[in-house]
Every structure is written in C-alpha cells, then in structure tokens.
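# Structure assessment
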Amino acid sequence: MMADKLPKIAIKGLHKQFGEKIVLNDLDLEVPDGQSMVIIGGSGTGKSVLLKNILGLLSPEKGNILIDEQNVVSSTGALSFSKVPKELIIIGGGYIGLE
C-alpha cells in the first residue's frame, strides 16, 4: 500500500469457524482503492467464506472489516448491513467489484 493511498478494504485479525472447523484464522488483508485482487485456493480453503464475511452474509467471530475506513463489524461480531456500501457487489462466482 502506498503511504498516501488508504485501502478500499482492510481486514484485520478476521476469524471464522464452523463448529470445530477453523476456516479463517487471524486473517489480515488490504485491497488498495482502485486495484483488483484475485483470491486463489483449493476447495474448502475459505475463499467464499472470506467474500461472504466482507459482504455481510456471514459474521466473523473476531476481527474487523473496514470499507473506506469504516468498520462494518460490531463489537459483538455481527455485521451492520447499513454500513456495507451499496456499491459493493458480487460478480460471477465470487468476484467483489466496486461500481
């Protein structure tokens, strides 16, 4: 990330699990404004779970998701749909795009 350009999406310490299965474990990720990112991985490695957390379709147990510097995860881990920007969309089978 360039010092003068803040990330469009910043994920800090994201943790998501289903029962005993830990899918995302203390994940940190930044997507710079105006850039695209591809997430590649094998089946069951958390790609769709990550995207669903960013979009508010799932809630993480821990961590923060910041979009335009605004945290969209509450202190209880629930996502606030009103805080997720309306221009955040899914295209195809798991691409996040910003209109």
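In case you missed it, the structure is sitting above this.
These notes cover the structure that comes with them. Values in this document were obtained by computation on a predicted structure and should not be read as measured data.

## Quick word on the overall build of the chain
Helix and strand counts for the chain come out as one helix and six strands. Taking all 99 residues of the chain together, 34% fall into the buried category. Considering only contacts within the chain whose residues lie at least 6 apart along the sequence, 44% involve residues at least 24 apart. For the chain, the exposed area adds up to about 6,200 Å²; of that, 54% sits on carbon and sulfur atoms.

## Re the pattern of salt bridges
By the definition in use, this model includes two salt bridges. The salt bridge partner of Glu 61 is Lys 16, with a shortest N-O separation of 3.6 Å. With Glu 61 in the loop between α1 (47-55) and β3 (62-67) and Lys 16 in strand β1 (residues 7-18), the pair connects residues that are 45 residues apart, well separated along the chain. Given the relative accessible area of 38%, Glu 61 is considered partly exposed.

## Here's the deal with the pairing of β1
Within β1, nine of the twelve residues are buried, which leaves the element mostly enclosed by the surrounding structure. Bridge analysis of β1 against strand β2 (residues 21-32) gives eight bridges, and the strand direction is antiparallel. Looking across to β2, one finds that Phe 18 is bridged to Lys 21. Between β1 and the antiparallel strand that follows it, β2, lie two residues; Gly 19 among them carries a positive phi value of about 65°.

Parameters and conventions
Residues numbered from 1 in each chain as written. Predicted model: local features only at pLDDT ≥ 70, side-chain atom pairs only at ≥ 80, totals over all residues. Heavy atoms only, no water. Helix = DSSP H or I, 4+ residues; strand = E, 2+ residues; numbered from the N terminus. Buried < 20%, exposed > 50% of the residue type's maximum accessible area, 1.4 Å probe, protein only. Contact = heavy atoms within 4.5 Å. Areas by Shrake-Rupley, 256 points an atom, 1.4 Å probe, with all protein chains shown as cover. Salt bridge = Lys/Arg side-chain N within 4 Å of Asp/Glu carboxyl O. Pairing = 2+ DSSP bridges.

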